[in-house]
Amino acid sequence: LVNDDRHDPAEVIEISVGLENSPYSVWIGDGILDSIGERLGAWRRGKKVALVTDANVAPLYADRVLSSLTAAGFSPCLIVVPAGESSKCLAGVEMICDAMISAGLDRSSSLVALGGGVIGDLAGFAAAVYYRGIPYVQVPTTVVAQVDSAVGGKTGVNATGGKNLIGAFHQPAMVFCDPFTLSTLPTREFNEGIAEVIKHAAIRMPSLLDELDPNQRTGLAPMIAKNVSIKAEIVAADEFETIGLRAMLNFGHTLGHAIENVAGYGTLLHGEAISIGLHAALKLSAQFEGMPDADANRVLDALRAFHLPLQIPAGLQSARIFDAMMKDKKFASGSMRFVLLRALGKPVISSDVTPDAVRDVIASLQTA
Ligand SMILES: NC(=O)c1ccc[n+]([C@@H]2O[C@H](COP(=O)([O-])OP(=O)(O)OC[C@H]3O[C@@H](n4cnc5c(N)ncnc54)[C@H](O)[C@@H]3O)[C@@H](O)[C@H]2O)c1
Ligand SMILES: [Zn+2]
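From a predicted model like this one, the values you see are computed outputs, not experimental measurements. In this numbering scheme, every chain counts its residues from 1 along its sequence in written order. Here chains are named by letter from A upward and ligands by number from 1 upward, in the order in which they appear as written. Local features in a predicted model are, by the rule used here, given only for residues with pLDDT of at least 70; side-chain atom pairs are given and counted only at 80 or more, and totals for whole chains, interfaces and linings are based on all residues. With hydrogens and water stripped out, all remaining heavy atoms of the structure feed into the side-chain values.

Caption draft 1: Representation of the packing of helix 9 (residues 253–263) against helix 12 (residues 318–327). The axes are straight lines fitted to the C-alpha atoms, using for helices just the contacting stretch, and the angles between their N-to-C directions are given from 0 to 180°. Per the convention used, a helix needs a DSSP run of H or I reaching at least four residues, while a strand needs a run of E reaching at least two, with both numbered from the N terminus. Two elements in contact, helix 9 and helix 12, have axes separated by 8 Å at closest approach and are oriented at 120°. Between helix 9 and helix 12, the angle falls in the class oblique. Judged by the sense of rotation from one axis to the other, the crossing of helix 9 with helix 12 is right-handed. Every residue of helix 12 that contacts helix 9 at T254, L255, A258, I259 and V262 is listed here: R320, I321, A324 and M325. These descriptions rest on fixed angle ranges, namely under 35 degrees for roughly parallel, over 145 for roughly antiparallel, 65 to 115 for roughly perpendicular, and the rest for oblique. Should the near helix be turned counterclockwise from the far one by less than a right angle, the crossing is left-handed, whereas a clockwise turn marks it as right-handed. Residues count as neighbours in contact if any of their non-hydrogen atoms are within 4.5 Å of one another.

If you want it as structure tokens, here you go:
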């Protein structure tokens, strides 16, 4: 970690994502929104830059980023899409590309994605395909986006037939996390993002569990930085998810995705479904890998502290969850591959989990 206090009064943390062909830095600091233009100065090519955001984030933060870009000599054009997952579709990409064409952006231009994971994935994908690819910058403003989606270069949109099925790897040129923006997030959105933080802690940094405080909404830069470093390290080692390391990030997601899917997108937030999925993965870890109960309890206590659910909501049928899971792409080639823990911080990919064990764990999580 390198400290850099040239531009901002507050401390800024730099984390490098050490990719072989396209290494980049994630800059984390309260108030960094106001120095994005300045920090981009050395990197930019053309003057024209699209600032893509959503209708919730625009009134909160777009002006600050626009001012910063303008002050640094850029001519930004603001593109606002409706907030929510439904914007993450090909029509959204087309709308962004059309707006960039109208504003005269070309291959020398660039894009700034300001918002949550929806904007990061959508605008990142637009950047991946506009003029066959222009550079872009991520400015994540949700917990999910800061600790997870903004780093790693997975961009894309949903198809009618499923989530995230159309996309591209396109690494950002830089990422700017301003943890201060998290203070305007609704509590439910904040807490669901912490589910991914707890996942990171469980697979890679158990000490993080002791540092989480559900009442803390400021001074979060060190916590965000630890999560970015975990994601950065895993992504750098396995950029295209080919050696299995990146798959460790799916801890809790196999069952979590199935629950999310059966509940209907939007009923349970992603992080809430993942919280239940983590509970299931902990039970399977105890059963198949002998993970100590004390380890599971530390994770469960952390999830409870952030009011994340641990049981499957009433009305969701076990059989439908099981079927959804069998269709999940993580079950490719018929074998059940589960990320399990031997202990906190010791993930393994197991093929030992039987369909019966999956049925049992789903049944054990049903609300009585
Ligand atoms: N690319 C990846 O590796 C990756 C990883 C995880 C998730 N994702 C994707 O991320 C998306 C979910 O991201 P998300 O949870 O950030 O959702 P989101 O982008 O929809 O943001 C959640 C809500 O918070 C609002 N918001 C954003 N920042 C705010 C702020 N600072 N203050 C107040 N409101 C704010 C948004 O307008 C939205 O209504 C999903 O589409 C998922 O597939 C991608
Ligand atoms: Zn997730």
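Caption draft 2: A look at the nonpolar core. Formed by 55 residues in total, the largest nonpolar core has its most connected members in V26, I28, I194, I224 and F251. Per-element tally for this core: the top contributor is helix 8 (residues 221–237), with 9 residues. Those residues in contact with V26 that lie beyond four places of it in its chain are I13, E14, I15, V17, V151, V175, C177 and V228. Judged by nonpolar contacts, the second largest core, of 26 residues, contains A258, L268, A273 and L284. Put simply, buried Ala, Val, Leu, Ile, Met, Phe, Trp, Tyr and Cys residues joined by side-chain atoms within 4.5 Å make one nonpolar core. Throughout this description, buried means an accessible area under 20% of the type-specific maximum (1.4 Å probe, protein chains only), exposed means over 50%, and partly exposed covers the range between.

Caption draft 3: How the structure looks around the coordination of the zinc ion (ligand 2). The rule for donors is simple: an N, O or S atom within 2.8 Å of the metal counts, and for Na, K and Ca the reach is 3.2 Å. Water is not among the atoms, so a site may look short of donors. Surrounding the zinc ion (ligand 2) are the protein donor atoms E196 (OE), H253 (NE2) and H270 (NE2), at 2.0 to 2.1 Å. All donors of the zinc ion (ligand 2) come from a single chain, and their spacing in sequence reads E-x56-H-x16-H. Of this pair, E196 sits in helix 6 (residues 187–204) while H253 sits in helix 9; the two residues are 57 residues apart in sequence, bridging distant segments of the chain. Of the residues examined, E196 reaches a relative accessible area of 1% and is grouped as buried.

Caption draft 4: Main features of the pattern of salt bridges. Counted as salt bridges are all cases of a side-chain nitrogen of Lys or Arg within 4 Å of a carboxyl oxygen of Asp or Glu. By the definition in use, this model includes 15 salt bridges. In this structure, K199 and E196 form a salt bridge, with 3.2 Å as the shortest nitrogen-oxygen distance. Pair noted here: K199 and E196 are both in helix 6, with a separation of 3 residues, about one helical turn. Across the pair, exposure class does not vary: K199 and E196 are buried alike. K226 is the partner of E211 in a salt bridge, and the nearest nitrogen-oxygen pair spans 2.7 Å. With E211 in helix 7 (residues 208–211) and K226 in helix 8, this residue pair connects regions lying 15 residues apart in the sequence. By relative accessible area, E211 is classed as partly exposed at 39%. You can call K226 partly exposed: its relative accessible area is 27%.

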